[in-house]
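Observations on the model geometry
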Amino acid sequence: GPRTLTAARISQNLSVFGAPETLESIPKSHSSLSGRPDGPRRRGPQCQGPHTAIDRPPRRVPPRRPRIPFDANQPSTPTHRPRPLQLLHQPAQPQHTPYYTMPDARVTHRRRHSYATISNRFRKVKTPGGKIAVQYVKKTPTRPKCGDTGAKLNGIAVVRPKTLMQLSKPKKNVTRAYGGNLSGGAVRNRIVRAFLIEEQKIVKKVLKSKAKK
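Residues numbered from 1 in each chain as written. Predicted model: local features only at pLDDT ≥ 70, side-chain atom pairs only at ≥ 80, totals over all residues. Heavy atoms only, no water.

As a further point, take the overall build of the chain. Within the chain, the secondary structure is distributed over three helices and two strands. Put simply, the chain runs from its N terminus to its C terminus through helices and strands in the order α-β-β-α-α. Out of the 213 residues in the chain, the part that is buried amounts to 8%. Sequence-distant contacts, at least 24 apart, represent 24% of the contacts inside the chain between residues at least 6 apart. When the accessible surface of the chain is totalled, it reaches about 20,700 Å², and 56% of it is carbon and sulfur. (Helix = DSSP H or I, 4+ residues; strand = E, 2+ residues; numbered from the N terminus. Buried < 20%, exposed > 50% of the residue type's maximum accessible area, 1.4 Å probe, protein only. Contact = heavy atoms within 4.5 Å. Areas by Shrake-Rupley, 256 points an atom, 1.4 Å probe, with all protein chains shown as cover.)

Right, here's the structure in full:
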């Protein structure tokens, strides 16, 4: 940048070019107080260019649009906006789902068992007081089956083993041979097979006796 001009240096330069030597006639822009010929340096991105604050071109301001006076008898749609065409069959507009606050569905276990196992299943039931309670769902008992054929046995209570121990004897079997363990068809087949085995033994014994004679 330019050097700072002192009062003695300025008077010497002015005397060479034939200018008055008084400091009052020197412009303030060249005084030693400013330090620059154009005054103090302006800072900022908008001031760093070939134009200064004085000879910068004025900013262009777009013209304001004229206001349309409000008329209560006219529709609220502006006149400069074209209205959309009215179709014969309007498409179905999506229904707006209102916002609802979700109720609190959290429940407290009635037991200390907190793992999601088969024996700890429960369902939520709303009580008359408006609260959500827990009801534990018991395991589904297995219906008794025949030991030979696998058919389901009728006339026997279908309960869990613990409850079956507490039931009376008539509720756990039927009045028949192997009742409660085998089905009627399986018992019939066993009787017929035993009879045939005995008959076969008798036949073998008779044939053996004839062979000796």
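Across all of its chains, the model carries one aromatic pair by this definition. Judged by centre distance (6.3 Å) and plane angle (70°), the ring pair of Phe 122 and Tyr 136 falls under edge-to-face. Remark: Tyr 136 occurs in strand β2 (residues 132-136) and Phe 122 occurs in strand β1 (residues 122-126); sequence separation between them is 14 residues. Classification of Tyr 136 by relative accessible area gives buried; the value is 18%. One cation-aromatic arrangement involves Arg 111 over Tyr 136; the distance from NZ or CZ to the ring centre is 3.8 Å. Lying over the aromatic face of Tyr 178, Arg 190 brings its terminal NZ or CZ to 5.7 Å of the ring centre. (Phe/Tyr/Trp six-rings, centres within 6.5 Å; stacked < 30°, edge-to-face > 60°. Lys NZ or Arg CZ within 6 Å of the ring centre and 35° of its normal.)

The next subject is the side chain of Asn 120. Here Asn 120 is to be found in the loop between α1 (7-16) and β1. Given the relative accessible area of 3%, Asn 120 is considered buried. Within the structure, the side chain of Asn 120 is placed 3.0 Å from the backbone oxygen of His 113, a separation counted as a polar contact. Not counting residues within four places of it along the chain, the set of residues in contact with Asn 120 comprises His 109, Arg 111, His 113, Ser 114, Tyr 115 and Tyr 136. (Polar contact = N/O pair within 3.5 Å; in protein donor to acceptor, adjacent residues only side chain to side chain.)

Turning our eyes to something else, we now look at the pattern of salt bridges. Using the criterion set out here, one finds one salt bridge in the structure. A salt bridge links Arg 190 to Asp 148; the shortest N-O distance between them is 3.0 Å. Of the two residues, Arg 190 is situated in helix α3 (residues 184-212) and Asp 148 in the loop between β2 and α2 (161-166); the sequence distance between them amounts to 42 residues. Since its relative accessible area comes to 32%, Arg 190 is described here as partly exposed. (Salt bridge = Lys/Arg side-chain N within 4 Å of Asp/Glu carboxyl O.)

Right, let's talk about the nonpolar core for a bit. Grouped together as the largest cluster of nonpolar side chains are six residues: Cys 146, Leu 153, Ile 156, Leu 182, Ala 186 and Val 187. Every residue in contact with Leu 182, bar those within four places of it in the chain, is listed here: Cys 146, Gly 147, Asp 148, Leu 153, Arg 176, Val 187 and Arg 190. (Core = buried A, V, L, I, M, F, W, Y, C linked by side-chain atoms within 4.5 Å.)

For Ser 183, the position within the fold is in the loop between α2 and α3. Overall, Ser 183 belongs to the buried group, its relative accessible area being 14%. Residues contacting Ser 183, with those up to four places away along its chain left out, are Cys 146, Thr 149, Leu 153 and Arg 176.

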